[in-house]
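Descriptive analysis of the structure
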Amino acid sequence: VKFLCVPCDQPMKLADVAPPDRGSLSVRYVCPECGYEMAMLTNPYETQVVQSLGVRVGPEGAAGEADTARAAAVAEAGVGTTSVSGGPGPGAGDGAGATGTDAESGGGRCPFASLIPGSDTASAETAGGGGAGPSGGGSGAPAGRAAAVPVWTDQASARMKAIPAFVRPMARTGIEKFARDRGYATIDEKVLEEARAFFGM
Amino acid sequence: MKTYHDIAGDGGSRILEQVADQQAAVEEALAGVRHLVAVGSGKGGVGKSTLTLQLAAVLARRGRAVAVLDADLNGPTQARLAGVVEAVPLPGGGRMSLPRARAGFGVFSMGSLVPESRAVDFDSVAPGSSHTWRATREFTLLGEILRSVAWGRLDALLVDLPPGAERVVQYAEFLGPRTDFVLVTIPSALARGVVSRSAAALAGAGRRALGYILNMDGYACAGCGEIRPLFPAPDGRDFGLPCLGSVPFDPELARLCDQGVPVTEHPDLPSARALAGAADRLLHALEVAP
C-alpha cells in the first residue's frame, strides 16, 4: 500500500506505528512536502494478512532491516508465533513439560507485536530463559533429580535463535524434555551438543 | 496525480522487498541442493509420504546425499515414517540441524514437534477467517524453515507435498522453476482422475513432472505369492508422463512405516524391490533432465 498526498502529489512517508490494539495497527504517514499527517488503521483481517507474510511494518530503516535478533526475541515470547490449539504447547500435557512462562504459550501478549520494529522485548528475553542463570550444581551436570523446568543459559538460549521463531518454542520444549529425562537442571551448550549427538546430528 | 507505479517504495516498510529478501534467502540456503524433487499427487491417501520417505531411503542406500522436507504442515507424517517423532531440530553452525532417519538422512516434519493429538494452529486476531490468510502464513513458515535448515550439499531434497490438486501448483510456484515433480497415484479411476488434473495443472504452469508412480498396484497374495489386483483394471491413462514404477500394496511395508523402519532394511520384500526400481528410474530421470 502506498499513500499519496494529493495536494502535493508526493508519496507520504511512514512515520511510526502504534502498538497493536485488538488486532488493529495504527500506522501514521506524513507528507514530506507539507507535513500533512494521516493514519492508516487496519482491520484485523488486514493485520493478519500482513503478519502472515512474515514481514515487519515500520519507518524506513527500522522495518525490513536484518533485525533478526529483535524479531527472534519477540518471537521467543510467543508473539506472532505458534499456538497449538487448545493448550499451551506440545509436550505440555505432563505439566512439567511446559516452561511455565507466557513466553512459550503466547499467553497474555498481543500476537502482532512482532510486526512492529520498536516492540519492547526485554521482558520477552527474560521470560525466554535468557535472563536466568544456571541453577543446581555445575551447568549441564546431572542434578539429583530432574528439575521441573530446566534453566537455559544465555549461550544456549542464544543458539536457539537459529531455529525459526514458529518452531522454536516447540523445539525448546523437546530439548527441555531431553534434559529432564537425564536429570539436568540446566540447559547449556554442552546439553545441546549432547542432544545433537543423541539425535544423530 | 501520481499513480501506484509512479512511486518507488511504499514509504517505509519495504514490504515487497522484505518478501523478496525472504525468497533470496531460501535460494541461498538451497544453493547446495542439486535436485529439488516435490512428491505430490493432488489426491490424499495414495501414499505420497510413504513413497517419499522410502525413495529417500533407497537413494541414501545408493550413496546419494538426500533429505526430506515434510511440507504437509497440518497433517505431517514424515516424523513417524522416519522414526523421528519427538526428535526435535537443534541449532548447529548458525542454522538448524535436522534429526536423522534410521537410513541416515535429515528429516524436517512438524510431526517431530507437535504431538499427533494436537492440531497445528497459528495466532490470529481475525478469528473465523483463516481461509483468508492461512495459506499465506503456511508458505511463509515453509520459507522460514527452508532458509533456516543447514541443508549442506545434497544430491536431492525430497519435498512431501500435502494433498490438493491446487496445492501442487501453489508449491510449484513457491518452490520455483528448478523443482522437479513426481506424481503418485493408485490404480483407482477416482485417484487417477485427480492426479490427471494435477498433471494438467503442472503442465499449464509450465512446470516439469519427471513421471508418476503407481502405488498400491495389486497386492502379493499371502497364499500363492502372486500379485493380484486391489482395484479394477486401470483405464490406461498415463497422464502424458513416464511411469517411474509400480509398487504393490504390502502390509509389511505398512508395518515398517508405522515403526519408522526404512524398507531398505528388508530388500527382499516385493514393495522394496519395486521401490528400488522406482528410485533408480527417478535417479535416471534426474540425471537426464535438462
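Small disclaimer: the values here were computed from a predicted structure and weren't measured.

All right, on to the overall build of chain A then. When its secondary structure is counted, chain A shows 7 helices and 7 strands. The order of helices and strands in chain A, counted from the N terminus, is β-β-β-β-β-α-α-α-α-β-α-α-β-α. Relative to all contacts within chain A whose residues are 6 or more apart in sequence, the contacts with residues 24 or more apart total 60%.

Turning our eyes to something else, we now look at the overall build of chain B. Helix and strand counts for chain B come out as 8 helices and 10 strands. Since a compact globule built from 290 residues should have a radius of gyration of about 19 Å, the 20 Å found for chain B is in line with a globular shape. The 290 residues of chain B split such that 56% are buried. Taking the contacts inside chain B whose residues are at least 6 apart along the sequence as the reference set, 77% of them involve residues at least 24 apart. With the model as given, the accessible surface of chain B reaches about 11,800 Å², and the carbon-plus-sulfur share is 53%. Taking the average place of the 28 positive charges on the side chains of chain B and the average place of its 30 negative ones, the gap between the two points comes to 3 Å.

Now for the interface of chain B and chain A. Opposite the 52 residues of chain B that make contact, chain A presents 62 residues. In total, about 4,800 Å² of surface goes out of reach between chain B and chain A, with carbon and sulfur atoms giving 63% of it. Area buried by chain B at its contact with chain A is led by Pro 91, Asp 123 and Val 125 of chain B, which between them contribute 15% of it. Our count for the contact surface shared by chain B and chain A stands at 2 salt bridges. Measuring nitrogen to oxygen at the nearest pair gives 3.9 Å for the salt bridge that ties Lys 177 of chain A to Glu 86 of chain B. Summed over the shared surface of chain B and chain A, the number is 16 residue pairs in polar contact (both at pLDDT 80 or more). Of all the secondary structure elements, the ones that give two or more residues to the side of chain B that touches chain A are helix H1 (15-29), strand E3 (90-92), strand E4 (95-97) and helix H4 (130-148) of chain B. Looking at the side of chain B that touches chain A element by element, the count peaks at 9 residues for H4 of chain B. When its residues are assigned to classes, the side of chain B that touches chain A shows 26 nonpolar, 15 polar and 11 charged.

All names here are of chain A. Across the interface, helix H6 (residues 168-181) lies against helix H7 (residues 189-198) with an axial gap of 11 Å and an inter-helix angle of 95°. On the basis of the axis angle, H6 is roughly perpendicular to H7. Contacts between H6 and H7 involve Ile 175, Phe 178 and Ala 179 on the former and, on the latter, Val 191, Leu 192, Glu 194, Ala 195 and Phe 198. Partitioned by chemical class, the residues of the contact of H6 with H7 number 7 nonpolar, no polar and 1 charged.

What the rule picks out here adds up to 0 disulfides over all chains. Of the cysteine sulfurs around Cys 31 of chain A, a residue in no disulfide, the closest is that of Cys 5 of chain A, at 3.6 Å. A relative accessible area of 1% places Cys 31 of chain A in the buried class. With no disulfide of its own, Cys 243 of chain B lies closest to Cys 257 of chain B among cysteine sulfurs, the gap being 19 Å.

With that settled, consider the packing of aromatic side chains. Residue and element names in this part refer to chain A. Applying the stated criterion to the full structure yields 8 aromatic pairs over all chains. Considering the side-chain rings of Phe 3 and Tyr 29, the 4.7 Å spacing of their centres and the 55° angle between planes classify their relative orientation as tilted. Of this pair, Phe 3 sits in the segment before strand E1 (4-5) while Tyr 29 is found in strand E4 (residues 24-30), placing the two residues 26 residues apart along the sequence. We classify Phe 3 as buried; its relative accessible area is 18%.

Following the sequence through the fold, Ala 126 of chain B ends up in the loop between strand E5 (106-108) and H4. Note on Ala 126 of chain B: relative accessible area 2%, which makes it buried. Setting aside its immediate chain neighbours within four residues, Ala 126 of chain B contacts Pro 44, Tyr 45 and Gln 48 of chain A together with Trp 133 of chain B.

Reading the values: rules and limits
- Residues numbered from 1 in each chain as written.
- Chains lettered and ligands numbered in written order.
- Predicted model: local features only at pLDDT ≥ 70, side-chain atom pairs only at ≥ 80, totals over all residues.
- Heavy atoms only, no water.
- Helix = DSSP H or I, 4+ residues; strand = E, 2+ residues; numbered from the N terminus.
- Contact = heavy atoms within 4.5 Å.
- Rg over C-alpha atoms; globule rule 2.2 N^0.38 Å.
- Buried < 20%, exposed > 50% of the residue type's maximum accessible area, 1.4 Å probe, protein only.
- Areas by Shrake-Rupley, 256 points an atom, 1.4 Å probe, with all protein chains shown as cover.
- Lys, Arg positive; Asp, Glu negative; His and termini not counted.
- Charge placed at Lys NZ, Arg CZ, Asp CG, Glu CD.
- Buried area = accessible area lost by both parts, 1.4 Å probe.
- Salt bridge = Lys/Arg side-chain N within 4 Å of Asp/Glu carboxyl O.
- Polar contact = N/O pair within 3.5 Å; in protein donor to acceptor, adjacent residues only side chain to side chain.
- Nonpolar A, V, L, I, M, F, W, Y, C, P; charged D, E, K, R; others polar.
- Axes fitted to C-alpha atoms, helices over the stretch in contact; angles between N-to-C directions.
- Parallel < 35°, antiparallel > 145°, perpendicular 65-115°, else oblique.
- Disulfide = S-S within 2.5 Å.
- Phe/Tyr/Trp six-rings, centres within 6.5 Å; stacked < 30°, edge-to-face > 60°.

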